[in-house]
Amino acid sequence: MSSLGESVRTAFDLVVRADAVLVRTVLLSLGVSGLACLFAAGFGLLGGAWLAVAKFPGRRAVLMLLNTLLALPSVVVGLVVYLLLSRSGPLGSWGILFTPTAMVIAQTILVFPIIAALSRQLVADSLRDGGDQLLSMGAGPLMCALLMLLHDRRAVVTVLLTAFGRAIAEVGAVMIVGGNIDGVTRVMTTAIALETSKGDLPLAMALGLVLLAVVGLVNVAIGLVQRGQGSALAGVR
């Protein structure tokens, strides 16, 4: 491209006319990150609720490890999953390396600590406010924790949106285990990195615009959920 202005105009044109490559890449990104958050939520919410009420030797160490994993580098996750799924790895017979399935697995591992840690803190705070009443009614500790998650579902939605924002914007893990194969495993972040290195700035910019829009919508949704939660609490008072 002869100028930055021309690149920007072309990028906007790609977005407006819904370029086929752009749409395919965006849909794959949303699908991979959405499935990863769905699977991570299944394990993370239950695990977080259990950790909020469980008492066992080494619990403090487990909580410290979980909080440490909040800053887990995505490239480390990608490396671990790659070693597990490679031909010489223990799961190499599955034959899913460099497929969207491998990318979902990597992102699930990446966002699981976020969901587990935040939901654990959410349950712990909620139990301090109203857990005694549930316990007095005969509910077990884990049942109380799960009921608190159901009661604070707006906060749970915020946790899940936060995890999705982390997943959709990461590049290291999906690059390593997906291979960035055009039309197969190329998502927005990996495509931006590749197209920029190739000098195809319009497509990279167009993908960047869409990615910023998705992340922006996630943040707006989080704000709306939190505002609704605050209004509900004010109404109760």
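This write-up is about the structure you can find in this document. Note on numbering: residues in each chain are counted from 1, in written sequence order. Reporting in this predicted model follows two pLDDT cut-offs: at least 70 for local features of residues, and 80 or more for side-chain atom pairs to be given and counted; totals over whole chains, interfaces and linings ignore these cut-offs and use all residues. Water and hydrogen atoms play no part in the side-chain values, which are based on all heavy atoms of the structure.

The way to describe two aromatic rings as a pair is by their centre distance and the angle between their planes. Only the six-membered ring of Trp is used, alongside the rings of Phe and Tyr, when aromatic pairs are assigned; centres must lie within 6.5 Å, and planes under 30 degrees apart are stacked while those over 60 apart are edge-to-face, with the rest tilted. What the rule picks out here adds up to 2 aromatic pairs. A ring pair is formed by tryptophan 50 and phenylalanine 56, whose centres lie 5.3 Å apart and whose planes are at 10°; its orientation type is stacked. Burial status follows relative accessibility: with a 1.4 Å probe on protein chains alone, a residue under 20% of its type maximum counts as buried, one over 50% as exposed, and anything between as partly exposed. Residue classification places phenylalanine 56 among the partly exposed positions, given a relative accessible area of 26%. Each ring, one from tyrosine 82 and one from phenylalanine 98, has its centre 6.3 Å from the other, and the planes form 55°; the classification is tilted. In this pair, tyrosine 82 is assigned in helix 4 (residues 74-85) and phenylalanine 98 in the loop between helix 4 and helix 5 (100-136), connecting sequence segments 16 residues apart. On the accessibility criterion, tyrosine 82 (29% relative accessible area) is partly exposed. Given a relative accessible area of 35%, phenylalanine 98 falls into the partly exposed group. Per the convention used, a helix needs a DSSP run of H or I reaching at least four residues, while a strand needs a run of E reaching at least two, with both numbered from the N terminus.

Before going further, it helps to examine a nonpolar patch on the surface. Patch membership requires more than 30% relative accessible area and the absence of a salt bridge. Residues of like charge join within 9 Å; the nonpolar side chains Val, Leu, Ile, Met, Phe, Trp and Tyr join within 5 Å. In this description, accessible areas are obtained by the Shrake-Rupley approach with a 1.4 Å probe, and a residue is regarded as covered only by the protein chains that are shown. Salt bridge criterion: a side-chain nitrogen from Lys or Arg within 4 Å of a carboxyl oxygen from Asp or Glu. On the surface, Leu4, Val8, Phe12, Val15 and Leu209 cluster together to form a nonpolar patch covering roughly 410 Å² of accessible area. Per-element accounting of the nonpolar patch gives the leading share, 4 residues, to helix 1 (residues 4-16). Looking at the element boundaries, phenylalanine 12 is found in helix 1. For phenylalanine 12, a relative accessible area of 46% puts it in the partly exposed group.

What follows is about the environment of serine 126. Note that serine 126 resides in helix 5. It is 10.0 Å that separates the C-alpha atoms of serine 126 and leucine 147, two residues lying 21 residues apart in sequence. Contacts described as polar in this section are N or O atom pairs within 3.5 Å, which, within protein, must combine one atom able to donate a hydrogen with one able to accept it, while residues neighboring in sequence count only if both atoms come from side chains. From its side chain, serine 126 meets the backbone oxygen of leucine 122 in a polar contact 2.9 Å long. At a separation of 2.3 Å, a polar atom in the side chain of serine 126 contacts the side chain of aspartate 152.

We now examine helix 1. Taking 1.5 Å as the rise per residue, helix 1 with 13 residues should run 18 Å; its terminal C-alpha atoms sit 18 Å apart, in good agreement. Of all the residues in helix 1, the buried ones are Ser7, Ala11 and Leu14. Looking down the long axis of helix 1, one finds its buried residues gathered within 60° of arc, a one-sided arrangement. In this structure, helix 1 carries Arg9 and Val16 as exposed residues pointing more than 90 degrees from its buried face. Positive backbone phi, approximately 50°, marks alanine 18, located one or two places after helix 1. What a helix should span is 1.5 Å times the count of its residues minus one. The arc refers to the directions leading from the helix axis to the C-beta atoms.

By themselves, these are just geometric observations and shouldn't be taken as functional.
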